[in-house]
Amino acid sequence: MIPTRHDPLPTGQDKVDSVRTLFDTIAPRYDLVNRIMTFGLDVRWRDRTIKSLSLPAGSIVADLACGTGDFCRSLEAQNMQVLGFDLALGMLEHARTEAPLTQADVLHLPIANDSVDGVTCGFALRNFVELGPFFTELARVVRPGGRIALLDVSRPSSRVLRAGYDIYFGRVVPLIGGLLSNADAYGYLPRSLSYLPAPDRLRSDVTAAGFSNVEHHQLNGGLVQLITATA
Ligand SMILES: C[S@@+](CC[C@H](N)C(=O)[O-])C[C@H]1O[C@@H](n2cnc3c(N)ncnc32)[C@H](O)[C@@H]1O
């Protein structure tokens, strides 16, 4: 079930089931709604994320929660060897990428220890049941010296920007999403922001998982956040 705006935010296995159902439901029009909602800025944010990996062409990069394959395509364009993983089969069925795709929960990746040079993950952290175990799983699969770059939405710190952001993300996005796709799903997405810990906590959790050079960047005045680190 996709939570309605009257339901409490789900946790545990309920959250896994809700998130899977939600993305299976919105998959057919995900790309269209995404481009409209972000004014195409998401393309620029993904490019910045990939650049921050600082990995050479030919590197093996796992794109986690790959959805319909936007990151996979950008990584392929940089001549990376890409592997995509996502929980929702519906999203994978609508993916446009040459990368091999696997249905999997990012907390239990079906790949060996130290098997990838890098990881990207876009707009998905708030959907995971727990972030500590996710960062531990990243530390398991990324080889020593490899890189991670994790992108997600955030709430700007400037009061003016935040006011505009709250109206846009809290009202306009659910309206557009409701008209073009599914009202409950696009009502849930802004609410899911509250799952995300503060930047300091994110940084300390990534460090606790064993990463070094942990950096947290706010992009476009804090509309999105990017966390990078070295294994
Ligand atoms: C907002 S979409 C982002 C998709 C893509 N990364 C992008 O940049 O457009 C979030 C994705 O996270 C996936 N997801 C959520 N929880 C997951 C989990 N535990 N394991 C794997 N994928 C998950 C969803 O199925 C969905 O495709």
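Placed above this text is the structure.
Residues numbered from 1 in each chain as written. Predicted model: local features only at pLDDT ≥ 70, side-chain atom pairs only at ≥ 80, totals over all residues.

## A closer look at the sheet that holds strand β3 (residues 101-103)
Step number 1: Within the open sheet, the seven strands sit side by side as β3-β2-β1-β4-β5-β7-β6. Their pairing is mixed. Looking at strand neighbours, the two that pair on one side only are β3 and β6 (212-219), the edges of this open sheet. The sheet shows a mean angle of 15° between the axes of neighbouring strands, taken without regard to direction.
Step number 2: The pairing of β6 with strand β7 (residues 224-230) spans six bridges and is classified as antiparallel. Paired with Leu219 across the bridge in β7 is Val224. (Pairing = 2+ DSSP bridges. Helix = DSSP H or I, 4+ residues; strand = E, 2+ residues; numbered from the N terminus. Axes fitted to C-alpha atoms, helices over the stretch in contact; angles between N-to-C directions.)

## A few points about the site of the ligand
Step number 1: Around the ligand, the surrounding shell holds 18 residues, and the nearest of these are Ala65, Gly67, Leu87, Ala88 and Gly122.
Step number 2: Listed by contribution, the elements that provide at least two residues to the shell around the ligand are α1 (12-26) and α4 (70-77).
Step number 3: When its residues are assigned to classes, the shell around the ligand shows twelve nonpolar, three polar and three charged. (Near = placed C-beta within 6 Å. Nonpolar A, V, L, I, M, F, W, Y, C, P; charged D, E, K, R; others polar.)

## Remarks on the packing of helix α3 (residues 41-53) against α4
Step number 1: Where α3 contacts α4, the axes come no closer than 10 Å and their chain directions differ by 55°. Taken together, the axes of α3 and α4 are oblique relative to one another. Crossing handedness for the pair α3 and α4: right-handed. Contact residues: Arg46, Asp47 and Ile50 in α3; Asp70, Phe71, Ser74 and Leu75 in α4.
Step number 2: Looking at the contact of α3 with α4 residue by residue, the class counts come to three nonpolar, one polar and three charged. (Parallel < 35°, antiparallel > 145°, perpendicular 65-115°, else oblique. Left-handed = near helix turned anticlockwise from the far one by under 90°. Contact = placed C-beta atoms within 7 Å.)

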